Each structure stands twice: as C-alpha cells, then as structure tokens.
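Listed below, chain by chain, are the residues.
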Amino acid sequence: MSAAEHRAARPDAFPANWTSRVAWIGLAVYTIYATSILDITWARFVTGLDNGAKFLARMFPPNMQADKLDLIATGMIESMQIAVLATFFGVLLSLPLGLAAARNLAPSWLAWSARGLIAIFRSFHPVIVSILFVKAVGFGALAGILALIVSSLGFVSKLFAEVVEEMNPKQVEAVRATGANFWNVLVMAVFPQVMARFVGLTVYQFDSNIRNSTMVGIVGGGGIGAPLFTAYQRFDYDVVLTILIIIIAIIMVAELVSGRIRRIFQ
Amino acid sequence: MSAGALLSLRHLRKEYRAGQPVLKDITLDIDANGLTAIIGPSGTGKSTLIRCINRLVDPTSGEILFEGKDLAKLKGGALRAARRRVGMVFQEYNLVERLTVIENVLTGRLGYVPAWRAFLRKFPEADVTRAFDLIDAVGLNEEFATRRADKLSGGQRQRVGIARALMQEPALILADEPTSSLDPKTSVEIMELLAEVSANRHVPVVVNIHNVDLARRYATRIIGMTGGNVVYDGPPTGLTERDLAHIYGGEDFL
C-alpha cells in the first residue's frame, strides 16, 4: 500500500460533531427570534439608561433619620432571623433527604421518591412559595421561614445527594468489609467523605437565604422586604438607598464569615 | 474437606455476565496457618476469588465454608457477623482519607460497636488501647495515631490497612494485591509484615500477588491460577519454570 492510500484509509482525526453544531445554530436562531418578538431595541435601552440616572439621582443622599433607621433595623433583624432559622431547619432536613436521594446508598424506589420530592421543592421561586405560605399561615416571619426552608431543602439536598454519589466507593467497601452495619458505614465511611462539602453547601445556602430573606417580605413573609417595597411605592428613594446599602453591607460580611467557616472544615 | 481446614471453597463459580465464568469450579482448602499466595495473570479471577470469600462479590454458585457456616448463603446480620471474622487488606489501602490513623484502625471494630458510639468516638477503652498497640506493632510510631490518613505515604497507609484488619481480631486475613501500588522496597516490608502476622499472630493470610519472587520468598503455599482455574497448588519450592509458563502462558517473560 502506498503512503497516500494509507493516509486515505485513516479516519478523520477531528470528525464534525453535527449534533452540537445544529444545537449552536438553533440557539443563535432562537436568540434572534426572541429578541425581535420581545421588542428589545437599542433606543429603548438608551432611554432606560437616562431614566435610571434620574432615579439614582433622586436616591441621594441616603435617608439617615433615626425613626427610619429604627424601622429598618427592626426589619433587618427579622430578615436575619428568618435566614438563620430557615437555614438551620432546611439544612437539618436536607441531610436525611439528600442521603435518601443518593442512588449509591438508597434503594432505587426511595432514591426516586426523594428525587421527585426535591424536584417539587425546586420548581418554584422562594417568592412564589412565600405567597402560598402567607395564604396558609398568615402574614409574618413564619411564612418567610417556611418558604425558605422549602427552597433550602430543594437546593441543599439535591447537591448533597450529588456529593454523596461522587464519594469514593472503595473507602465505603473497606468499612463494609469489617462487618459494619449501614449506620456504622454512614458514620465512619460516608460522613467523613462528604461532611466538608456539606458544610460548604450549608454556608452557601445561608448566604443565599440572607438574600432571599430580604425578598420574602415583599409578599408578606416578614423581614426587611415590606419596608423596602413600601418605600419604593411611596417614592422614598432615599430610604430605599439606605436599605440597599445595609443589605449590601450585611451580605459582604456574610461572604467573609462564610469563607472563614469553609476554611475551618477543610 | 480436610479436618484442619479453616476455609473450604467448594465448586465456587462466578459469572459477571451469564455464560462467561471468571471463576470456574474452584475447590480449595485454606488451613488455619501460613501465608497463601495466589498468583496468575491479570483478569484471571484472583481478585474475584478473594472478594467472593467475604462476599464483597456474590458468587454465582458453590459453597464457602468458614467456621461452620456457608458464607455463600448468608444475608444481612449473619453475613455481617461472619465478615467481622475476616480482615481485608486492599491494593489501594482504601483508608477513609479524612479520618485519622487511629480512627481508621478503630473502624476494624465497627462490627461490634454501635453507630452512636462510633459517631461520638466513644469506642471502648480496651479497643482504643489495642488500636494504639497495633499502630505500634505494624511499625508506625504512636504519634501517627492522630495524623490524617491522607497525609501518609503509600507504605504507611498499607500498614494502617493491616492494623485495621488485625483490629477485627480476624480468623483470616485476605489481601488483594497489597503491594501492587508500592515501590519494591516498601513491597518487601509489607510482605514481611504480612508473613509476620501469619507466623507470630497465627492469623492465616491469603494474598493475591503479581510479584512471583515475593510470593516465593514469603508464602508457605502458592496457588497458581489461569483462566479461572487453579493450575498449581503446592509449596513455593515446588513451583517450576514450567508451572509458571503454564500459569502465565508462554515463556518469553521468564
């Protein structure tokens, strides 16, 4: 066989992946289509920028009156309490739910039921869940806490189940080989492998619960959301700015603290 | 079955895929002493054989007679109780990486200690003392006890693996390629340790091993496997080049 023939017989080293090409083209076409349908134009964007600038100008300076600060402090403290309680109970319940959803530990009927439950918890935004709980238990922090427990459960147990599924089966096998029962395997082979990641998820969820706890109030779930929304509607943009600054400050502090906590549980 | 046998395999057969047996009708007696080395080419079922014994792999058919019970038929609590009597040492050590050395050694007691005690690390005092003694005995300093397993070298990890197996107070230790991930010098040290365990602690050891020289040097009995069958069974001195050619197929490697 000549060299040329030999070359011709070889397969293409980088064959075209038509499925992926079609997917990319489809995405591009849809983006253009959706943009045209939704009346997204440059002119509107420019006008919007102008409005935004006026709006920002009206926010300054932030309102620092004592009575406003008092109101904001009360709301903010309630938001923090919502975040802490929702994280605590949400994460506590995520532990068994996540384990039940892990296909390498739980029998498949249990894993699939747990996954179904998690999917339901994850299907709605916390604000929508808040509306349901406000209807059920009335206005106030309890509704917000329950709503955020649901969203914490959805997020933490789903990712925790994935962490458990990714653990090293050899370590588990070795502990099982000593004659350990399921609970002992859980305590001495599974937990040591996944706990650091679980703490990481918890801290992340706490971060996100702080953010969300400022929102559930808009629909009556307690916390800073209600004063914030009221201030918007009364055009008290200086109060809005004060609240936003405080929220940003708290979230930055939470970010710092969570980084520390994560490092402790390496 | 010979009267003195601790473990008797009878017509053991394992098919991962139906009709394609990895183990074909293995019948063996393992006595309550000595170090038995199983040699043979990769993929010949050595690992499967060892893992069938403590049922990490379920055999397709056959009997595994051990301390008066057929392990092949056990389930649930009875199987776990039987597993407590069989220590296992792994090729990749299989320590729980994020636990300390002594916690890993104490996992050898998990067949006896309830989960809440393990969770609170409230192991019986006698177990903790014994764990320290074993860490010493396998050649690690006691200050290793509180070091995390992922901070150890391969040889040190395998020593912890052996201590964990001994912690079970087993009637038998199975070692699945215990030296294959180690350098030559450390391999010798680990085989020496296993030979010492079988000789001085009177715990019989069955070891899968690729290194024929190590097998010859430390084993009291060699079992040669090829194609899912036992083709040599006898003392290391009786193992000839012809036997090896039969076991591994061809003579080029000799």
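Anything mentioned here points back to the structure above.
Residues numbered from 1 in each chain as written. Chains lettered and ligands numbered in written order. Predicted model: local features only at pLDDT ≥ 70, side-chain atom pairs only at ≥ 80, totals over all residues. Heavy atoms only, no water.

Colleague: For the overall build of chain A, give the residues involved together with the corresponding values.
Modeller: The helix and strand tally for chain A stands at 11 helices and 0 strands. Sequence-ordered secondary structure for chain A, helices as α and strands as β, is α-α-α-α-α-α-α-α-α-α-α. Computed over the C-alpha atoms, the radius of gyration of chain A is 26 Å, more than 25% above the 18 Å expected from 2.2 N^0.38 for a compact globule of 266 residues. Here chain A holds 266 residues, and 39% of them are scored as buried. Across chain A, the fraction of contacts at a sequence separation of at least 24, relative to all contacts at a separation of at least 6, is 75%. Taken as a whole, chain A presents about 15600 Å² of accessible surface, with 70% of it coming from carbon and sulfur. Taken together, the 20 basic and 15 acidic charged side chains of chain A have centroids lying 5 Å from each other. (Helix = DSSP H or I, 4+ residues; strand = E, 2+ residues; numbered from the N terminus. Rg over C-alpha atoms; globule rule 2.2 N^0.38 Å. Buried < 20%, exposed > 50% of the residue type's maximum accessible area, 1.4 Å probe, protein only. Contact = heavy atoms within 4.5 Å. Areas by Shrake-Rupley, 256 points an atom, 1.4 Å probe, with all protein chains shown as cover. Lys, Arg positive; Asp, Glu negative; His and termini not counted. Charge placed at Lys NZ, Arg CZ, Asp CG, Glu CD.)

Colleague: Give a detailed account of the sheet that holds strand β5 (residues 69-70) of chain B, specifying residues and quantitative values.
Modeller: To summarise the sheet geometry, strands pair through backbone hydrogen bonds and adopt either a parallel or an antiparallel arrangement. Residue and element names in this part refer to chain B. Pairing is antiparallel across the open sheet formed by 4 strands, whose spatial order is β2-β1-β4-β5. The open sheet has two edge strands, β2 (20-31) and β5, and neither has a second partner. Bridge analysis of strand β1 (residues 5-17) against β2 gives 8 bridges, and the strand direction is antiparallel. Across the sheet, the residue bridging to R17 is Q20, located in β2. Where helix α1 (residues 46-53) meets the sheet, its contacts fall on β1, β2 and β4 (61-66), and the angle it forms with β1 comes to roughly 120 degrees. (Pairing = 2+ DSSP bridges. Axes fitted to C-alpha atoms, helices over the stretch in contact; angles between N-to-C directions.)

Colleague: Explain the environment of H11 of chain B to me, and be specific about the residues and the numbers.
Modeller: Residue and element names in this part refer to chain B. Positionally, H11 belongs in strand β1. Along the chain, H11 and D25 lie 14 residues apart, while their C-alpha atoms are 4.2 Å from each other. Ignoring sequence-local partners within four residues, the contact set of H11 consists of D25, I26, T27, S61 and G62.

Colleague: Lay out a nonpolar patch on the surface in plain terms, naming residues and giving numbers.
Modeller: Among the surface-exposed residues, V253, L256, V257, I261, I264 and F265 of chain A lie close enough to one another that they form a single nonpolar patch of about 590 Å² accessible area. Looking at where V257 of chain A falls in the secondary structure, it is placed in helix α11 (residues 237-264). (Patch = residues over 30% accessible without salt bridge, like charges linked within 9 Å, V, L, I, M, F, W, Y side chains within 5 Å. Salt bridge = Lys/Arg side-chain N within 4 Å of Asp/Glu carboxyl O.)

Colleague: How would you explain the pairing of strand β6 (residues 86-89) of chain B if you had to name every residue and give the values?
Modeller: All names here are of chain B. The alternating pattern of β6 places V86 and M88 on one face and G87 and V89 on the opposite face, and all of these are buried. In this structure, β6 lies alongside strand β7 (residues 172-176), joined through 4 bridges in parallel fashion. By the bridge assignment for β7, G87 is matched with I173.

Colleague: Explain the environment of K54 of chain A to me, using residue names and the numbers behind them.
Modeller: All names here are of chain A. For K54, the location among the structural elements is in helix α3 (residues 42-59). Exposure remark for K54: the relative accessible area of 52% places this residue in the exposed category. A C-alpha to C-alpha distance of 36 Å links K54 and I145, two positions 91 residues apart in sequence.

Colleague: Can you tell me about the sheet that holds strand β3 (residues 35-39) of chain B, naming the residues and giving the values?
Modeller: Residue and element names in this part refer to chain B. Strand order in the open sheet made by the 6 strands is β6-β7-β8-β3-β9-β10, with mixed pairing throughout. Strands with a single pairing partner mark the edges of an open sheet, and in this sheet they are β6 and β10 (229-234). Neighbour-to-neighbour, the strand axes of the sheet open up by a mean angle of 20 degrees, direction not taken into account. Summarising the sheet, strand β9 (residues 221-226) and β10 pair through 5 bridges and their orientation is antiparallel. The partner of I223 across the bridge, within β10, is D233. The strands touched by α1 within the sheet are β3, β6, β7, β8 (205-208) and β9, with β7 carrying the most contacts at an inclination of about 150 degrees.

Interpretation in functional terms is not warranted from these geometric data alone.
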